[in-house]
Amino acid sequence: MHRFANPARFQRLASIILPWSDVLTAGLLVSGLYFALFASPADYQQGETVRIMYIHVPAAWMAMFSYSVMAAASAASLIWKHPLADVAARAAAPIGAGFTAIALITGMLWGEPMWGTWWVWDARLTSVLILFFLYLGYMALVNAIDNPAAAVRAGAILALVGFVNIPIIKFSVDWWNTLHQPASVIKMGGPSIAPSMLLPLVLMALGFHFYFVSVLLRRMRSELDLARVRALEDAIALNSEEAAA
Amino acid sequence: MTRTLIALIKRDLNLAWRQGGGALLGTVFFAVAVVLFPLGVGPEPNTLARIAAGVLWVAALLAAVVSLDRLFEADHDDGSLDGLALLPLPFSLVVAAKCLAHWLASLLPVVIISPFLGLMMRLEGDALVALVLALLLGTPGLSFIGAIGAALAVGLRRAGALLSLLVLPLYIPALIFGVAAVEAARMGLDPAPHLMLLFGVTLFAVVIGTAAATAALKFDLE
Amino acid sequence: MSSFFAMGGYAFYVWSSYGAALLILGGIAIFSMVRARQASRRLEELKRAAPHRRRREEAANGA
């Protein structure tokens, strides 16, 4: 019964946090969109396409942030065998994969008008693509294992292995990119962020973080509910078997 | 302890050779995959030499993945993994020994035939030497990183496709540094720095692969 | 207004980006909400079907 104690407290905590994070998500994203689409100037170099950056850059940040959350939860799940950590790692994966997909799609949509091609093997886009494959591998593995406890442990190991490998993969891809430097590309995002870009970027990034919290809590809730549904179904099956015998 | 480990490696090698030459299948796969490229791209010598390093390395990665499913599967199915866990030595050493045996049986043959295929892909002189050295230093890492995937997917149906999705993204650093070493030699540059980076990747793979595969298998045995 | 939607000739790229983000984030959010509701409804059903377990569940919930 101790197993249920923490999730029960979590359910109460979640119902307190969720209304706040929902409101903050909506507020931040609406004001972020206002600044991203209306109240900011076009870039002197990129023109109106700079507005794609307000989605692309925060999404790319979130792709990495979600993987870090997944890895941290996986570490907690392996070390302390905390049932909430198990659920959190599993719930974070599809959200992170979603943000990664957005970063890829918007990167391509920005590349076509700016680079004149849908795909450039630039270090950043390539790293994000590999991150996307890491998410897909995690989700495929967790879904392939029927026993929920075994699935969580296998997923946790894979998430941690992926996490320690990300810096090496990133380094190798950056380095590969300098070997094959394409003729002339505008650095994407880059260090030179104009002040007018900062406000929409920050608002969108914060909005995405609260979106992550809201969806993560909802997904964790349903995972916990489903675990109890399974336990109850097993108990009922057991009872009817006993009654029959 | 060393004697037990050597006995363990010998046992795995015997098993690999006995299963109808199962170990060599990956090597044949490597050769066939490489031969497909001149047929697909055309036999023009400069083109072949330009893509040779990449083609040979990618074929080696795929040959590694194809042979991974046998790493723990047989021992898991017949229950001898439980027996190995009871040996009076750390389980991680058992796992490392099995990875080493996998490299000896499945990937060392790939390294041995690679100069012939390199010649067919129009690599010459220093580039050919760099290719063999790079494969020799890089492929052990493929066995150890691959062991993570093999341990996580052990006992699953249709593990093959899942394995490639789990493992191939983690092979990217080895691919990049391995190809860079051959390319450097082909351009008349010193491949040594690339080979050292590649060997660093392999050492890292040995540590992380042994630890993660051991953890995954231990959970499976519980 | 129409100049706003034209986005300096880059309308397709800009609006596709925002559309894709909306589609993916909205899809994940709605899917998660529906699943959460289904799961909690199924749990309530089962609790009603197995009342002898109810007391223990409530005790565990600290209710």
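As a starting point, this report considers the structure included with it.

Reading the values: rules and limits
- Residues numbered from 1 in each chain as written.
- Chains lettered and ligands numbered in written order.
- Predicted model: local features only at pLDDT ≥ 70, side-chain atom pairs only at ≥ 80, totals over all residues.
- Heavy atoms only, no water.
- Phe/Tyr/Trp six-rings, centres within 6.5 Å; stacked < 30°, edge-to-face > 60°.
- Contact = heavy atoms within 4.5 Å.
- Buried area = accessible area lost by both parts, 1.4 Å probe.
- Salt bridge = Lys/Arg side-chain N within 4 Å of Asp/Glu carboxyl O.
- Polar contact = N/O pair within 3.5 Å; in protein donor to acceptor, adjacent residues only side chain to side chain.
- Helix = DSSP H or I, 4+ residues; strand = E, 2+ residues; numbered from the N terminus.
- Buried < 20%, exposed > 50% of the residue type's maximum accessible area, 1.4 Å probe, protein only.
- Axes fitted to C-alpha atoms, helices over the stretch in contact; angles between N-to-C directions.
- Parallel < 35°, antiparallel > 145°, perpendicular 65-115°, else oblique.
- Left-handed = near helix turned anticlockwise from the far one by under 90°.
- Nonpolar A, V, L, I, M, F, W, Y, C, P; charged D, E, K, R; others polar.
- Core = buried A, V, L, I, M, F, W, Y, C linked by side-chain atoms within 4.5 Å.

### Quick word on the packing of aromatic side chains
Piece 1. Counted under the stated rule, the structure contains 14 aromatic pairs over all chains.
Piece 2. Through a chain of ring-to-ring contacts, the aromatic side chains of Trp 118 of chain A together with Tyr 10, Phe 12 and Tyr 13 of chain C assemble into a single cluster.

### A look at the interface of chain B and chain A
Piece 1. Listed per partner, the contact involves 24 residues of chain B and 28 residues of chain A.
Piece 2. Around 2,200 Å² of area is buried between chain B and chain A when both sides are counted, 86% of it from carbon and sulfur atoms.
Piece 3. Our enumeration of links across chain B and chain A arrives at zero salt bridges.
Piece 4. Seen at the junction of chain B and chain A, the total is zero residue pairs in polar contact (both at pLDDT 80 or more).

### A few points about the arrangement of the chains
Piece 1. The highest contact count of any of the two pairs of chains in contact belongs to chains A and C.
Piece 2. With no contact between them, chain B and chain C keep their nearest C-alpha atoms 23 Å apart.

### Some points on the side chain of Thr 139 of chain B
Residue and element names in this part refer to chain B.
Piece 1. Position of Thr 139 among the secondary structure elements: in helix 7 (residues 125-152).
Piece 2. Judged by relative accessible area, Thr 139 falls into the buried class, the value being 0%.
Piece 3. Apart from the residues lying within four places of it in its own chain, the contact partners of Thr 139 are Trp 103, Leu 107, Val 111 and Ala 134.

### Focus: unusual backbone geometry
Piece 1. For Lys 81 of chain A, which is not glycine, the phi torsion reads 50° and is therefore positive.
Piece 2. Turning to its location among the elements, Lys 81 of chain A is positioned in the loop between helix 2 (50-80) and helix 3 (83-115).
Piece 3. Unlike most non-glycine residues, Arg 122 of chain B shows phi in positive territory, near 70°.
Piece 4. Along the chain, Arg 122 of chain B falls in the loop between helix 6 (91-120) and helix 7.

### Regarding the packing of helix 4 (residues 123-144) of chain A against helix 5 (residues 148-179) of chain A
Residues and elements named next belong to chain A.
Piece 1. It is the contact of helix 4 with helix 5, at a shortest axis distance of 10 Å, that shows an interaxial angle of 165°. In this view, helix 4 runs roughly antiparallel relative to helix 5, as classed from their interaxial angle. Where helix 4 crosses over helix 5, the handedness of that crossing is right-handed.
Piece 2. For the contact of helix 4 with helix 5, the residue count by class is 16 nonpolar, five polar and two charged.

### A short note on the interface of chain C and chain A
Piece 1. Across the boundary between the two partners, chain C contributes 35 residues, which contact 45 residues of chain A.
Piece 2. Of the roughly 3,600 Å² buried at the junction of chain C and chain A (both faces included), carbon and sulfur atoms supply 73%.
Piece 3. Counting the surface chain C buries against chain A, the share from its top three residues, Tyr 13, Tyr 18 and Leu 25 of chain C, is 19%.
Piece 4. Here chain C is connected to chain A by two salt bridges.
Piece 5. As a salt-bridge pair, Glu 223 of chain A and Arg 35 of chain C come within 3.1 Å of each other at their nearest N and O atoms.
Piece 6. On the surface where chain C and chain A come into contact, there are six residue pairs in polar contact (both at pLDDT 80 or more).
Piece 7. With 25 residues, the top contributor of residues to the side of chain C that touches chain A is helix 2 (residues 11-49) of chain C.
Piece 8. Taken together, the residues of the side of chain C that touches chain A sort by class into 22 nonpolar, eight polar and five charged.

### Quick word on the nonpolar core
Piece 1. Ranked by size, the top nonpolar core spans 157 residues in total, and within it Leu 141 of chain A together with Phe 30, Phe 72 and Tyr 171 of chain B carry the most contacts.
Piece 2. Top element by residues in this core is helix 3 of chain A. It accounts for 17 residues.
Piece 3. In this structure Phe 72 of chain B touches Val 95, Lys 98, Ala 147, Ala 150, Ala 151, Val 154 and Leu 217 of chain B, once residues within four positions along its chain are discounted.

### A look at the side chain of Thr 202 of chain B
Residues and elements named next belong to chain B.
Piece 1. Mapped onto the elements of the fold, Thr 202 is located in helix 10 (residues 192-221).
Piece 2. Looking at Thr 202, its side chain comes within polar contact range of the main-chain oxygen of Leu 137, at 2.7 Å.
Piece 3. When near neighbours in sequence (up to four residues on either side) are disregarded, Thr 202 contacts Leu 137, Gly 138, Pro 140 and Gly 141.

### A short note on the packing of helix 2 of chain A against helix 4 of chain A
Residue and element names in this part refer to chain A.
Piece 1. Where helix 2 contacts helix 4, the two axes come as close as 11 Å, and the packing angle between them is 35°. As for the relative orientation of helix 2 and helix 4, their crossing is left-handed in sense. Packed against helix 2, whose contacting residues are Ala 63, Met 64, Ser 66, Tyr 67 and Met 70, the element helix 4 presents Leu 131, Leu 134, Tyr 135 and Tyr 138 at the interface.

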